[in-house]
Amino acid sequence: MFELKRFLIILTSTLLAIFSSKTVYASTSAVDVVCRGGIIDDRVLKSLYRLGDQLRAKSTILNLTPNCIKEIKFPDRDPLPNPYVGALELAAGKSTPEKFANSLEKIQGHLSGNDPIDRDLKDAPLLMYLRIGCGNDRVCVTNTLKSIQNFQPEKSPIFCDFANKADSRIVNYYQSSDYLPLPVRCLYHSSLGGHRSISALEDWFIAFDKLSR
């Protein structure tokens, strides 16, 4: 399985349409970007977060654009699922955490043996997919992560709070690095959390919930 970094580059270059701010509704624009192309920038991402919340609340329905790209095709390997579409289908109740986890396995690849930097790169997009698909449904987040084969959360700088004990390399990683670009981290390193009077996992979820703001 090739590296996720390469997948993301190919994903954004394969999707053909350019995001247009002239589209009337932000959520519709986000679906258009996901289905027909464009760059998933911070504005689009937050629109996807909000749309995911609306889909779970059943205040809107998921209308994928015609010819929506659900799989990214490559000339020299099997196609990979479009994780943003999968996340929206999960939020809309058209998929399950287990099915979503199965598609994520194909994207994430084999995770055992990865050092903290590698896991950081691979798990950062996963955080986004989970926020779109599960929102603040903690059972959904937990079940999705548990359903990913060989996920090993203890070795992830982003998801180690889901393990009983973080790998020592993760602790060393935090001690040796001042650059933490993501707002959601484990071991109380989330910039949106920081509530040390509660459990680390509870603090993690508080930060995760705030991603859409």
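Residues numbered from 1 in each chain as written. Predicted model: local features only at pLDDT ≥ 70, side-chain atom pairs only at ≥ 80, totals over all residues. Heavy atoms only, no water.

**Q** Residue-level account of the overall build of the protein, with values.
**A** The helix and strand tally for the protein stands at nine helices and two strands. Seen in sequence order, the protein has helices and strands lined up from the N terminus as α-α-α-β-β-α-α-α-α-α-α. Buried residues in the protein amount to 49% of all 213 residues. Of all intrachain contacts in the protein linking residues separated by at least 6 positions in sequence, the fraction that spans at least 24 positions is 58%. (Helix = DSSP H or I, 4+ residues; strand = E, 2+ residues; numbered from the N terminus. Buried < 20%, exposed > 50% of the residue type's maximum accessible area, 1.4 Å probe, protein only. Contact = heavy atoms within 4.5 Å.)

**Q** Quick one: what's the story with the environment of Arg43, residue by residue and with numbers?
**A** In this structure, Arg43 sits in helix α3 (residues 42-56). Arg43 sits in the partly exposed class, given a relative accessible area of 46%. Measuring from C-alpha to C-alpha, the distance between Arg43 and Ala30 comes to 8.9 Å, with 13 residues separating the pair along the chain.

**Q** Break down unusual backbone geometry for me, with residues and values.
**A** With a phi close to 55 degrees, Leu187 is a non-glycine residue in the positive phi region. Inspection of the secondary structure puts Leu187 in the loop between α8 (168-176) and α9 (200-209). One non-glycine residue, Tyr188, lies in the positive phi region at around 65 degrees.

**Q** Give a detailed account of the state of the cysteines, specifying residues and quantitative values.
**A** What makes a disulfide is a covalent bond joining the sulfur atoms belonging to two cysteines. Taken as a whole and judged by the stated rule, the model has three disulfides. Between Cys134 and Cys140 runs a disulfide, and the two sulfur atoms are separated by 2.1 Å. One quick way to see it: the torsion about the S-S bond of Cys134 and Cys140 is about -60 degrees, and its sign makes the bridge left-handed. Under the relative-accessibility criterion, Cys134 is labelled buried at 0%. Given the relative accessible area of 8%, Cys140 is considered buried. When the bonded cysteines of the protein are numbered from the N-terminus onward, they pair as 1-2, 3-4, 5-6. (Disulfide = S-S within 2.5 Å.)

**Q** Can you explain the nonpolar core? Please cite residues and give values.
**A** Of all hydrophobic cores here, the largest spans 48 residues; its most connected members are Leu127, Phe159 and Trp204. If you list the elements that add at least two residues to this core, you get α2 (26-36), α3, α4 (83-91), α5 (97-108), α6 (116-134), α7 (138-147), α8 and α9. No other element matches the seven residues that α6 contributes to this core. (Core = buried A, V, L, I, M, F, W, Y, C linked by side-chain atoms within 4.5 Å.)

**Q** Requested: an account of the environment of Ile40, with residues and values cited.
**A** With respect to the helices, strands and loops of the structure, Ile40 is situated in the loop between α2 and α3. For Ile40 and Tyr84, which are 44 residues apart along the polypeptide, the C-alpha to C-alpha distance reads 9.7 Å.

**Q** So what's going on with the packing of aromatic side chains? Residues and values would help.
**A** What the rule picks out here adds up to ten aromatic pairs. The interplanar angle of 90 degrees and the centroid separation of 5.2 Å between the aromatic rings of Trp204 and Phe205 together place this pair among those described as edge-to-face. Comparing Trp204 with Phe205 shows no difference in burial state: the two are buried. One aromatic cluster in this structure is built from Phe151, Phe159, Phe162, Trp204, Phe205 and Phe208. Against the face of Phe151 rests Arg119, its NZ or CZ located 5.0 Å from the ring centre. The positively charged end of Arg131 is found above the aromatic ring belonging to Phe208, 5.9 Å away from the centroid. (Phe/Tyr/Trp six-rings, centres within 6.5 Å; stacked < 30°, edge-to-face > 60°. Lys NZ or Arg CZ within 6 Å of the ring centre and 35° of its normal.)

**Q** Give me the lowdown on the confidence of the model for the protein, citing residues and values where you can.
**A** Of the residues in the protein, 85% have a pLDDT of 70 or more, and the chain-wide mean is 83. Across residues 1-26, confidence stays below pLDDT 50; counting only partners more than four residues off in sequence or on other chains, it has 50 contacts. (pLDDT = per-residue confidence, 0-100.)

**Q** Any details on the pattern of salt bridges? Residues and values, ideally.
**A** Tallied over the full model, the rule gives ten salt bridges. Residues Lys46 and Asp42 are paired through a salt bridge, measuring 3.9 Å at the closest nitrogen-oxygen approach. Here Lys46 and its partner Asp42 are both found in helix α3, four residues apart, which amounts to about one turn of the helix. Taking the relative accessible area as the measure of exposure, Lys46 reaches 24% and is therefore partly exposed. Between Arg185 and Asp120 there is a salt bridge; the shortest N-O distance is 3.0 Å. (Salt bridge = Lys/Arg side-chain N within 4 Å of Asp/Glu carboxyl O.)

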